[in-house]
Amino acid sequence: MRFCRANNNPFRPFEWDLLTRLWALGGLLLRLFLACRHARLEATPPRGFRRGDPAAERTLKTLFGRVSYVRLQMIRVRGGCSYHPLDVALGLTRDGFSPWVIQFVTRLATRMRFASRRSLCRSVLGWSPSVESIEELALGLGRLAEPFARQQAGPNDDGEVLVIEVDGKCPPTARAEELAKRRGKRSKHAKACACGCQRHRGRAKRRRRGGKKRRKKGDKSKNGKEVVVVVMYTLKRGGDGRLHGPKNKKVWASFGGRRGAACWARAEATKRGFGPDTSRTVQIVVDGASGLRSNLAAAFPNAIATVDVCHVVEKLWELGHRFHQEGSAELRARVEEWKAWVYAGRAGELVAHLRRLLDGTPGRVPERGPRGRVWRR
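Residues numbered from 1 in each chain as written. Predicted model: local features only at pLDDT ≥ 70, side-chain atom pairs only at ≥ 80, totals over all residues. Heavy atoms only, no water.

(A) Just the overall build of the protein chain, in detail. A count of helices and strands for the protein chain gives 13 helices and 12 strands. Per-residue burial over the protein chain gives 26% buried out of 377 residues. Of the contacts made within the protein chain by residues no fewer than 6 positions apart, 54% connect residues no fewer than 24 positions apart. Surface accessibility of the protein chain: about 26,700 Å² in total, with carbon and sulfur atoms responsible for 53%. (Helix = DSSP H or I, 4+ residues; strand = E, 2+ residues; numbered from the N terminus. Buried < 20%, exposed > 50% of the residue type's maximum accessible area, 1.4 Å probe, protein only. Contact = heavy atoms within 4.5 Å. Areas by Shrake-Rupley, 256 points an atom, 1.4 Å probe, with all protein chains shown as cover.)

(B) Highlighting helix α11 (residues 309–320). Under the 1.5 Å per step criterion, the end-to-end length of α11 is 16 Å for 12 residues, consistent within 8% with the ideal 16 Å. Residues Val 313, Leu 316 and Gly 320 constitute the buried set of α11. All buried residues of α11 lie within an arc of 55 degrees about the axis, which places them on one face of the element. Check the buried side of α11 and you find it contacts α12 (329–343) and α13 (347–359). The N-terminus of α11 is capped by Asp 308, whose side-chain oxygen sits 3.2 Å from the backbone nitrogen of Cys 310. (Expected span 1.5 Å × (residues − 1). Arc of directions from axis to C-beta. Polar contact = N/O pair within 3.5 Å; in protein donor to acceptor, adjacent residues only side chain to side chain.)

(C) Molecular detail of the packing of aromatic side chains. For the structure on display, the rule yields six aromatic pairs. The interplanar angle of 90 degrees and the centroid separation of 5.2 Å between the aromatic rings of Phe 49 and Tyr 83 together place this pair among those described as edge-to-face. Taken together, the residues Phe 49 in strand β1 (residues 49–51) and Tyr 83 in strand β5 (residues 82–83) connect sequence positions 34 residues apart. Assessed through its relative accessible area of 17%, Phe 49 is described here as buried. Between the NZ or CZ atom of Arg 21 and the centre of the ring of Phe 3, over which it lies, the distance is 4.0 Å. We note Lys 61 situated over the ring of Phe 97; from NZ or CZ to the ring centre the distance is 5.0 Å. (Phe/Tyr/Trp six-rings, centres within 6.5 Å; stacked < 30°, edge-to-face > 60°. Lys NZ or Arg CZ within 6 Å of the ring centre and 35° of its normal.)

(D) Seen up close, the packing of helix α4 (residues 99–109) against helix α6 (residues 131–150). Their axes nearest at 9 Å, the elements α4 and α6 cross at an angle of 90 degrees. Our classification of the angle between α4 and α6 gives roughly perpendicular. Every residue of α6 that contacts α4 at Ile 102, Val 105, Thr 106 and Ala 109 is listed here: Ile 134, Leu 137, Ala 138 and Leu 141. When the residues that make up the contact of α4 with α6 are grouped by side-chain class, the tally is seven nonpolar, one polar and no charged. (Axes fitted to C-alpha atoms, helices over the stretch in contact; angles between N-to-C directions. Parallel < 35°, antiparallel > 145°, perpendicular 65-115°, else oblique. Nonpolar A, V, L, I, M, F, W, Y, C, P; charged D, E, K, R; others polar.)

(E) Molecular detail of the pairing of strand β6 (residues 161–169). Sheet topology note: the β6/strand β7 (residues 227–237) ladder contains nine bridges and is antiparallel. The residue of β7 that forms the bridge with Lys 169 is Val 227. The pairing of β6 with strand β9 (residues 281–286) spans five bridges and is classified as parallel. Counterpart to Glu 165 in the pairing with β9 is Val 285. (Pairing = 2+ DSSP bridges.)

(F) The side chain of Asn 7, seen in detail. Checked against the element boundaries, Asn 7 lands in the loop between α1 (2–6) and α2 (11–40). Judged by relative accessible area, which is 19%, Asn 7 ranks as buried. Among the polar contacts made by the side chain of Asn 7, one reaches the main-chain amide nitrogen of Asn 9 at a distance of 2.9 Å.

(G) A look at the nonpolar core. Core analysis: the biggest nonpolar cluster contains 20 residues, and Ile 164, Val 166, Val 230 and Phe 300 have the highest contact counts within it. When residues of this core are traced back to their parent elements, those giving at least two are β6, β7, α9 (258–271), β9 and α10 (290–299). Examining the composition of this core, we find that five residues originate from one element, α9, more than from any other. Each residue touching Phe 300, except ones within four places of it in the same chain, is listed here: Ile 164, Ala 265, Arg 266, Ala 269, Val 282 and Ile 284. By size, the runner-up hydrophobic cluster in this structure holds 10 residues, among which are Phe 97, Val 105, Leu 125 and Leu 137. (Core = buried A, V, L, I, M, F, W, Y, C linked by side-chain atoms within 4.5 Å.)

Okay, structure coming up:
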């Protein structure tokens, strides 16, 4: 009260000083809480344990900063492992962070990069866990997320049409040993010329090893592992006869592969009341990848599989480039016409039109390349 009455600073420094005082007060109240709870605990060791250090020190990282406290230690008579009754009673984990801090930083970690989350944490709390601690907290809670979600019951107010959208991407996942090879010392042949620039180093390396082995169709050049993302929701028909939604949307992602994604989708759909023998509509939207479609077709034999419109439009633009110059008004007009057929539900007419277009196109057509006119199929 005296601080607020006598303060003559502008609002910004006053607000920050007030916050630091509130944090200090919160830390003192937390120490009082921990001391009172420790005094009320049963001090008799359970069967097979004996009393250890009566005042084992610990530092807990909380919303109000670092808080130090002491607690009783119980040691197993045979084996030597120990535990602290106060930490067990309060639900404190061994990583040294309070439950509020754990849920706060892990939620932020799902929304932004670890480094950005650390900066935001410093702005809000005045301190932040390290990037390594954030990663360990996120992975620790991640192990419990799937069992927790698996035991949850399905929603009660679900719709009558189930929609499953699946896609996969390959983020770079180079391991530590691979990065060590890339960041290692240059070989004795690194300097092929006096300047030692990157261009000449690369040229000398290509001369030593010879031409690269040509990759086959479908081979990937980057160090990546596919993560499959599944989005599942339902649509409910309203009084106007139209389908409304999405309802009870759930997003799931994993590096476990396409078959694992199909198994999760099958289990989640069954939990929602869309079993393998359901007569209700199940709509699967994929990007055209054969692996995704085949695994989902085996798990949902009666579902309707559709290529999502984003990938269809991409293919239409790619096809339009074969007939019109890129960026031209003719190209845009042609693709917009095809898109109108797609959005109007005239996909069959569009396919028939494209087949006629293909039949009337020669197998090899001239294209203007960087070195003049070339022929491509």
